[in-house]
Amino acid sequence: MLTYLLSVLAACANAISSVLQRKANREMPPELALRPKLIGELLRQPVWLAGLAGVVVGFLLQAAALGRGELSVVEPILVCELPLTLFLAARVFRAPLRPREAGAALGMAAGLAGLLFFLAPSAGHAQEVPWYEWLLAGAATMVATAAAFEWARRGRVARDQREGSARRAAGFGMAAGCQFGLTAAFIKAVTVRFGEAGIAGVFTGWELYCMIVCGALAMFLLQSAMHAGRLVAAQPALTLTDPLVSVLWGVTVFGEMVRGGLYLLFAAASGLLLAACVVILSRSSAIGEAETRPLRGG
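None of the values given here were measured: they were computed from a predicted structure.

Rules of the game
- Residues numbered from 1 in each chain as written.
- Predicted model: local features only at pLDDT ≥ 70, side-chain atom pairs only at ≥ 80, totals over all residues.
- Heavy atoms only, no water.
- Helix = DSSP H or I, 4+ residues; strand = E, 2+ residues; numbered from the N terminus.
- Buried < 20%, exposed > 50% of the residue type's maximum accessible area, 1.4 Å probe, protein only.
- Contact = heavy atoms within 4.5 Å.
- Axes fitted to C-alpha atoms, helices over the stretch in contact; angles between N-to-C directions.
- Parallel < 35°, antiparallel > 145°, perpendicular 65-115°, else oblique.
- Left-handed = near helix turned anticlockwise from the far one by under 90°.
- Nonpolar A, V, L, I, M, F, W, Y, C, P; charged D, E, K, R; others polar.
- Patch = residues over 30% accessible without salt bridge, like charges linked within 9 Å, V, L, I, M, F, W, Y side chains within 5 Å.
- Areas by Shrake-Rupley, 256 points an atom, 1.4 Å probe, with all protein chains shown as cover.
- Salt bridge = Lys/Arg side-chain N within 4 Å of Asp/Glu carboxyl O.
- Polar contact = N/O pair within 3.5 Å; in protein donor to acceptor, adjacent residues only side chain to side chain.
- Core = buried A, V, L, I, M, F, W, Y, C linked by side-chain atoms within 4.5 Å.
- Phe/Tyr/Trp six-rings, centres within 6.5 Å; stacked < 30°, edge-to-face > 60°.
- Lys NZ or Arg CZ within 6 Å of the ring centre and 35° of its normal.

Engineer: Would you mind going over the overall build of the protein chain with me for this structure?
Structural biologist: Looking only at helices and strands, the protein chain has 12 helices and zero strands in total. Secondary structure of the protein chain in N-to-C order comes out as α-α-α-α-α-α-α-α-α-α-α-α. When burial is assessed residue by residue, the protein chain has 52% of its 298 residues classed as buried. For the protein chain, the share of sequence-separated contacts (at least 6 apart) that also reach a separation of at least 24 residues comes to 85%.

And the structure:
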């Protein structure tokens, strides 16, 4: 039960962080796209620093959840981040949600609950993953990241940062989601290392440093997504890609078991409901239009 609670709290922290980061990024000039200088400019923004604090809190909560549970349990729960983000964005950008968005959020909750219930993931063998599986799965994740990044990079840069580019925001969001999923796999490996060798073993193991590198890359890609366009374009891509990559890692690399047979059919139906609700939320014109308006006092 604690695993579920920690995962939901991590989703809440991530949602707050996403809105604050988008609020800061939409004021940045378009010419800073994909430049390290973007991070330097954002570091001067108190709103962005508050969002960064939210990322740290979310990371710690996620690590605590992964220390107690499996990747294929914890990461799908983080999908809750999407409706939480859009509900919060509706408040920050002054766009009241309509029954359609509220219904989609409830549908997401139902789809997520069904997915977890029918799959019923159980523990795998995270302690026994051979090096070549890490290498192959890591390379596949990096290829997916590069493909999403390139697709986004080829999109047109918007002249108006309040409007942004939906393609670039979604593509960079997918790339960030791939990297956050990979980071989650390394977080799981770090927690296993800690359980086996203590804090000293964590700092002498390779997993910690891979986690730091992947996490830093994920953060850069996330800022690129938030800078490129609206939350309603970036957030769904990020929120779905992250758990998808994590679940694939959990099942194929860490050997986490899921139920088969008819349960898979019901799980697929739950996943389709979840995806449909994400599409509905991603097309929220109320929030999208509100993001293009100037904020009071800004």
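Once you've had a look at it, read on.
Engineer: Please clarify how the packing of helix α7 (residues 131–153) against helix α10 (residues 231–252) should be interpreted in this entry.
Structural biologist: Between α7 and α10, the least distance of the axes is 12 Å, while the angle of their chain directions is 160 degrees. If you check the angle between α7 and α10, you find them roughly antiparallel. For the pair α7 and α10, the crossing hand works out as right-handed. The segment α7 lies against α10, with E133, W134, A137, G138 and T141 engaging V245, W249 and T252. The residue inventory of the contact of α7 with α10, partitioned by class, reads four nonpolar, three polar and one charged.

Engineer: Help me understand a nonpolar patch on the surface in this model?
Structural biologist: Nonpolar side chains collect at one region of the surface, where F194, I199, F203, Y209 and I212 lie side by side and expose about 540 Å² of accessible area between them. Those elements that place two or more of their residues in the nonpolar patch are α8 (166–204) and α9 (206–228). For the nonpolar patch, the element with the highest residue contribution is α8, accounting for three residues. Positionally, F203 belongs in helix α8.

Engineer: Sorry, what's going on with the side chain of H227 here?
Structural biologist: Along the chain, H227 turns up in helix α9. Exposure remark for H227: the relative accessible area of 2% places this residue in the buried category. There is a polar contact of 3.0 Å between the side chain of H227 and the backbone oxygen of P29.

Engineer: Looking at this model, I keep getting lost on the pattern of salt bridges. Mind explaining?
Structural biologist: Working definition: two side chains of opposite charge can pair if their charged atoms are close together. Counted under the stated rule, the structure contains four salt bridges. Three or more residues joined by partner-sharing salt bridges are found here, namely E150, R153 and R154.

Engineer: How should I be thinking about the environment of V190 in this particular structure?
Structural biologist: Within the secondary structure, V190 sits in helix α8. Counting along the chain gives 18 residues from V190 to L208, while the straight-line C-alpha distance between them is 6.0 Å. Every residue in contact with V190, bar those within four places of it in the chain, is listed here: V202, E207, L208 and M211.

Engineer: In this structure, what is going on with the nonpolar core? I would like to understand it.
Structural biologist: Where a protein is soluble and globular, its nonpolar side chains tend to be buried together. With 29 residues, the main nonpolar core has L71, W134, W249 and F254 as its most contacted residues. Considering each element in turn, this core owes the most residues, nine residues, to α8. Setting aside anything within four residues of it in sequence, one finds W134 in contact with V129, A185, F186, A189, W206, W249 and F254. Counting 15 residues, the second-largest nonpolar core is a separate cluster that includes V19, F93, A148 and L238.

Engineer: Looking at this model, I keep getting lost on the packing of aromatic side chains. Mind explaining?
Structural biologist: The description of an aromatic ring pair rests on the distance of the ring centres and on the angle between the ring planes. Taken as a whole and judged by the stated rule, the model has 10 aromatic pairs. With centroids separated by 6.0 Å and ring planes inclined at 85 degrees, the aromatic side chains of W131 and Y132 adopt a geometry described as edge-to-face. Overall, the relative accessible area of 64% leaves W131 in the exposed class. Overall, the relative accessible area of 44% leaves Y132 in the partly exposed class. Taken together, W134, F186, W206, W249 and F254 form an aromatic cluster joined through their ring pairs. Positioned over the ring face of F117 is R259, at 5.4 Å from the centre of the ring. Over the face of the ring belonging to Y263 we find R259, whose NZ or CZ atom lies 3.9 Å from the ring centre.

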